[in-house]
Structure formats: C-alpha cells, structure tokens
Amino acid sequence: MKEEARWTRATLGRDGRPLDLLTARFERHRYAPHAHDEFTIGVCVGGSEIIDYRGGHIRTGPGSIVVLAPGEMHTGGPAACDGYAYRALYAEPSLLSESAVGGLPHFREPLLDDPELAAALRAAHAELSACPDPLEAESRFPWLLAALARRHSTARPDRDEIPGAARIADAVRDRLADELQAPPSLASLATDLGLSRYQLLRAFRTTMGIPPYAWLAQHRVHRARRLLESGLRPADVAGLVGFADQAHLTRWFRRVLGVTPAAYRASVFPSS
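Here goes a summary of the coordinates provided. Everything quoted here is computed from the prediction, not taken from an experiment.

1. A word on the sheet that holds strand E6 (residues 56-59)
- Strands sit in the order E3-E8-E5-E6 across an open sheet of four strands; the sheet is antiparallel. Either end of the sheet is taken by a strand with one partner, and the two such strands are strand E3 (31-34) and E6. Each strand of the sheet is rotated relative to its neighbour by a mean of 20 degrees, with strand direction disregarded.

Structure, rendered in structure tokens:
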C-alpha cells in the first residue's frame with residue numbers, strides 16, 4: 001500500500017468559511033496523541049484503523065463512520081498489516097448544530113454504522129476534493145452534517161416543515177439564475193430571507209426535489225447548450241455560464257444531456 005496524505009480545501013459558498021478535507025492511505029503510519037478544534041468526521045474506505053479515544057479503542061472497517069469531538073485527544077494507526085485508508089473532513093462545531101435545537105450535538109458513540117450516509121459523505125468528499133465548487137460544497141456538506149447530527153447525536157432536531165417553502169425556493173432560484181457566474185452563498189441568501197442555512201436548504205430541496213447547486217448546474221447546462229448552438233466552443237462556454245473550467249462543464253453536461261459539450265456541438269455543426 002502506497003502511503004499518502006493529501007489535503008484539499010473546500011469553501012462553503014462564495015467568500016465562505018473553509019472546510020478542510022483529508023484523503024489518507026497508510027500502511028505503517030501511527031498518529032501521535034492529538035486533538036482538533038473541529039469535529040473530525042471520517043469514513044473508512046479500506047483496511048482497518050485502531051483509534052484510541054475516550055479511554056477505549058475504536059476499530060474501523062470499510063464503510064464505517066467515525067466522529068471525534070473537538071478538543072478530545074485521540075491517536076490512530078493500522079489495525080493489521082494491510083494498513084488503512086480513509087477520507088476525513090474537519091467541520092466547525094456550528095456546522096453540526098445548524099439543524100438542531102439546544103446547542104452543540106453530542107455523539108455518545110464515536111463509531112457509527114450508517115451505510116447510506118457513509119456513501120454520501122464519501123462521494124461528496126471525493127467529488128469536492130477534485131472540483132471544490134463553493135456552491136456545491138455549501139449545498140452538500142452542511143446538509144450531510146445535519147443528517148449526521150439528526151440521526152446519531154443527542155441534539156433535538158429543528159422542525160422539518162418550513163412555512164412558505166415554495167416562495168423561498170423561488171426566491172433562491174431567481175437569485176442563482178441572475179448571478180450564475182458568481183452565485184451568492186446560501187448563508188447570505190438565508191440571512192436575507194430570515195432563515196438558517198439548513199432551513200433554506202430544506203425548503204429548496206422539498207420544493208425543487210434537488211439541492212441548489214444541482215438546480216444551478218442544470219440551468220448552466222441549458223444556457224451552455226444555447227451558446228454551443230450559436231457556434232461557441234466548449235472552452236469558451238464554460239466560463240460564460242459559471243463553470244470552473246471545461247472539465248466541470250463536461251461533467252455536468254454529460255449528467256444532464258448524456259453527451260459531452262464537444263459531441264453536442266459536433267452534432268449541431270458537423271463540419272466544424
């Protein structure tokens with residue numbers, strides 16, 4: 001097993017707070033006792049790790065979630081000769097309390113068995129490590145961390161029903177469409193609407209069926225399609241509709257329309 005530790009950083013919305021992401025794979029490495037100011041949330045993706053925590057030992061396995069509280073000392077090392085691999089994010093405590101009432105959530109059990117949530121955290125971590133789009137990061141990570149707190153902590157969940165959800169979703173949709181090249185953060189939109197970010201996300205997802213970043217990506221794809229039909233090339237179109245680069249445009253274009261932008265343009269201009 002090749003030893004690797006790669007840090008990346010996602011920004012939660014335009015001009016938002018950073019969220020550090022770690023992708024690690026170790027055969028022999030053992031962490032010295034240490035603590036973090038943030039919640040450490042890890043998903044084991046291979047092998048097994050033993051973590052000393054709260055006077056006991058945690059043994060991870062593929063698909064398990066580990067939640068370590070801020071300020072609590074812990075170690076980490078291989079449980080067997082084949083090493084261990086995991087993805088971790090380091091979340092400020094406020095991110096886990098957005099959807100809860102009564103303060104900071106407490107996790108009685110640090111090792112969690114939740115395959116659905118583990119898969120979603122792993123996918124978000126992998127995709128946003130590769131392409132850290134601010135609106136996508138702000139749409140996905142706070143929502144997943146809210147699910148983590150609501151499902152597995154002692155925190156009392158905030159109410160699920162958001163009055164005026166359709167009106168809220170329409171207002172958010174219109175702002176995103178108007179500012180597709182540099183969309184506002186969800187936190188700022190929520191403040192303007194007198195909501196928490198979690199309430200905004202819930203209202204939007206309930207009404208639209210998808211999170212804000214996915215709606216905006218589809219809107220950008222439809223705009224890109226018209227620009228391609230006008231004769232522009234994919235490399236030029238990507239920035240005009242707000243994608244980070246041509247690869248970002250291609251990823252979403254294929255998701256929405258099933259073909260690459262270049263293939264679509266070639267079908268419209270077969271001789272180009």
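The structure having been displayed, the exposition proceeds.
2. Quick look at helix H6 (residues 197-208)
- For H6, with twelve residues, the first-to-last C-alpha span of 16 Å sits near the 16 Å given by 1.5 Å per residue.
- Listing the buried residues of H6 in full gives Arg197, Tyr198, Gln199, Leu200, Leu201, Ala203 and Phe204.
- As for H6, its buried residues are in contact with helix H1 (93-97), helix H3 (134-152), helix H4 (165-178), helix H5 (186-192) and helix H7 (212-229).
- Positive backbone phi, approximately 85 degrees, marks glycine 209, located one or two places after H6.

3. Some points on unusual backbone geometry
- Located in the positive-phi region is aspartate 15, a residue other than glycine, with phi close to 60 degrees.
- You can see aspartate 15 is positioned in the loop between strand E1 (4-11) and strand E2 (18-26).
- Judged by its relative accessible area of 75%, aspartate 15 is exposed.
- Positive phi is not limited to glycine here, since arginine 54 has a value of about 55 degrees.
- With respect to the secondary-structure elements, arginine 54 resides in the loop between strand E5 (49-53) and E6.
- The exposure class assigned to arginine 54 is partly exposed, which follows from its relative accessible area of 37%.

4. A look at the pairing of strand E4 (residues 39-47)
- The element E4 is largely enclosed, with a buried count of seven among its nine residues.
- Pairing geometry for E4 and strand E9 (residues 84-91), over eight bridges, is antiparallel. Within the sheet, the bridge partner assigned to phenylalanine 39 lies in E9 and is alanine 91.
- One ladder, built from four bridges, connects E4 with strand E7 (residues 65-68); its direction is antiparallel. The residue of E7 that forms the bridge with threonine 40 is leucine 68.

5. Section: the nonpolar core
- Counting 35 residues, the largest nonpolar core has Val172, Leu176, Phe243, Leu249, Trp252 and Phe253 as its most contacted members.
- Secondary structure elements with two or more residues in this core: H3, H4, H5, H6, H7, helix H8 (234-240) and helix H9 (246-257).
- In terms of residues, this core owes the most to one element, H7, which gives eight residues.
- Of all hydrophobic cores here, the second largest spans 32 residues; its members include Leu19, Val43, Ala137 and Phe141.

6. Describing the pattern of salt bridges
- Going through the model one piece at a time under the given rule, you end up with 19 salt bridges.
- Between arginine 6 and glutamate 4 there is a salt bridge, and its shortest N-O distance comes to 3.6 Å.
- Taking relative accessible area as the criterion, arginine 6 reaches 36% and is therefore assigned partly exposed.
- A relative accessible area of 31% places glutamate 4 in the partly exposed class.
- Across the pair glutamate 116 and arginine 151 runs a salt bridge, and its minimum N-O distance is 3.2 Å. One end of the pair, glutamate 116, is in helix H2 (residues 115-130); the other, arginine 151, is in helix H3, and 35 residues separate them in sequence.
- Look at the salt bridges and you will find they share partners, linking Glu127, Glu136, Arg140, Arg251 and Arg255 into a network.

What counts as what
Residues numbered from 1 in each chain as written. Predicted model: local features only at pLDDT ≥ 70, side-chain atom pairs only at ≥ 80, totals over all residues. Heavy atoms only, no water. Pairing = 2+ DSSP bridges. Helix = DSSP H or I, 4+ residues; strand = E, 2+ residues; numbered from the N terminus. Axes fitted to C-alpha atoms, helices over the stretch in contact; angles between N-to-C directions. Expected span 1.5 Å × (residues − 1). Buried < 20%, exposed > 50% of the residue type's maximum accessible area, 1.4 Å probe, protein only. Contact = heavy atoms within 4.5 Å. Core = buried A, V, L, I, M, F, W, Y, C linked by side-chain atoms within 4.5 Å. Salt bridge = Lys/Arg side-chain N within 4 Å of Asp/Glu carboxyl O.

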